[in-house]
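Overview (structure and organization)
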Amino acid sequence: MAKNTYKQDEVLEEPFDIKHLLRASSYIKKYAKRMVFAILLSGIGGASGYVAPMIIQRALDLAIPEKNERLLFSLVGMLVGIYLVSVIFTTIRSRIMVDVSQSIIYDIRKDLFAHLQELPFQYYDDRPHGKILIRVVNYVNSVSDMLSNGLINIVLECFNLLFIVIFMFLVDVQMALVVLCAVAVFAVDAHVRSSAGPRIVSVDEAAALGDVDCVLVLGCGVHPDGRPSDMLADRVACGVALYENGTSPKLLMSGDHGRADYDEVNVMRNAAVQAGLP
């Protein structure tokens, strides 16, 4: 009995496999040189765009204050040339990638059409014609866009990040290091939040858990004068809030007390007592 209804064939018969992607990437080989050339053009155009702010900085810091018209016109000419190079290279890259994308679509559809001729009649009886058409047209377009523009964009974004880092160090090494450290901290924070998100609860949500033996407060740095660091103070404050809302009647302070002159545990305890805990 034919199953040619709209309810059929909604889900791909085979799950995604990296082998499928590698198999589809074989269509890139014919156009690999042109795609590499397009990437180089885009890379040069992108790099030239990052030089423009440095030229403007030189004009504002040197040419204009010193009223050096010759230097100013030279910088303006360089800026115009950079923008022209960027526009020209971007235009050439776009035309190359449009041609490559259409060629990949043609190759995939040609192979797919040849494959469709060999399928049994039962295949067409069991599937809606519209679903087959979607796979031949829309899915092929998506695969082609992923293999051409998608791949190019991924490589270009990597180049852009590299260029940004390089120019940051050229402008100010110290500021570049500060920014990179901040990015690393935010990346770690995002990873922790995404991986442990279901297990992170607010103070109010913790109060509704019930049957909590104790609240474990982890230690952190202590200043040489005995003051808790900001992070340690925040952790103790959170523990105090959990105690006060009835999450648990006990706080367990865990910290470093490996040296006589360094004691996180008692600093945490004293901070909790000062906050009103018995």
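From a predicted model like this one, the values you see are computed outputs, not experimental measurements.

Scoring rules and cut-offs
- Sequence positions are assigned chain by chain, starting from 1 and proceeding in written order.
- Only residues with pLDDT of at least 70 get local features here, since the model is predicted, and only at 80 or more are side-chain atom pairs given and counted; chain-wide, interface and lining totals rely on the full set of residues.
- The side-chain quantities take in all heavy atoms of the structure and omit both hydrogens and water.
- Helix axes are fitted to C-alpha atoms over the stretch in contact, other axes to C-alpha atoms as well, and angles between N-to-C directions run from 0 to 180 degrees.
- Note on conventions: DSSP H or I runs of at least 4 residues are helices, E runs of at least 2 residues are strands, and numbering of each starts at the N terminus.
- The cut-offs work like this: below 35 degrees is roughly parallel, past 145 is roughly antiparallel, 65 to 115 is roughly perpendicular, and the gaps in between are oblique.
- Left-handed describes a crossing whose near helix is turned anticlockwise from the far helix by less than a right angle; the clockwise case is right-handed.
- For this analysis, residues touch if any pair of their heavy atoms sits within 4.5 Å.
- Any residue outside Ala, Val, Leu, Ile, Met, Phe, Trp, Tyr, Cys, Pro, Asp, Glu, Lys and Arg is labelled polar, Gly included; the first ten of those are nonpolar and the last four are charged.
- Summary of the burial criterion: residues with accessible area below 20% of their type's maximum are buried, those above 50% are exposed, and those between are partly exposed, where the area comes from a 1.4 Å probe applied to protein chains only.
- Think of the arc as the fan of directions from the helix axis to the C-beta atoms.
- Pairing of N or O atoms within 3.5 Å defines a polar contact, subject to two protein rules: one partner must be a possible hydrogen donor and the other a possible acceptor, and residues neighboring in sequence count only if both atoms are side-chain atoms.

1. Section: the packing of helix H8 (residues 230-244) against helix H9 (residues 264-274)
Axes are the key here: two packed helices are described by the angle between their axes and the distance separating the axes. Packing of H8 against H9 brings their axes to within 10 Å, and their N-to-C directions diverge by 50°. Overall, the two elements H8 and H9 adopt an arrangement that is oblique. In terms of crossing hand, the pair formed by H8 and H9 is right-handed. Listed contacts from H9 to Leu232, Val236 and Val240 of H8 are Val267, Met268, Ala271 and Ala272. Grouping the amino acids of the contact of H8 with H9 by side-chain chemistry returns 7 nonpolar, no polar and no charged.

2. Digging into H9
Those residues of H9 that sit buried are Glu264, Val267, Met268 and Ala272. Down the axis of H9, the buried side of the element spans an arc of 135°, and every buried residue falls inside it. Of the surrounding elements, those touching the buried residues of H9 are strand S1 (215-218), H8 and strand S2 (251-254). Near the N-terminus of H9, the side chain that reaches the backbone nitrogen of Val265, with its oxygen 3.2 Å away, is that of Asp263.

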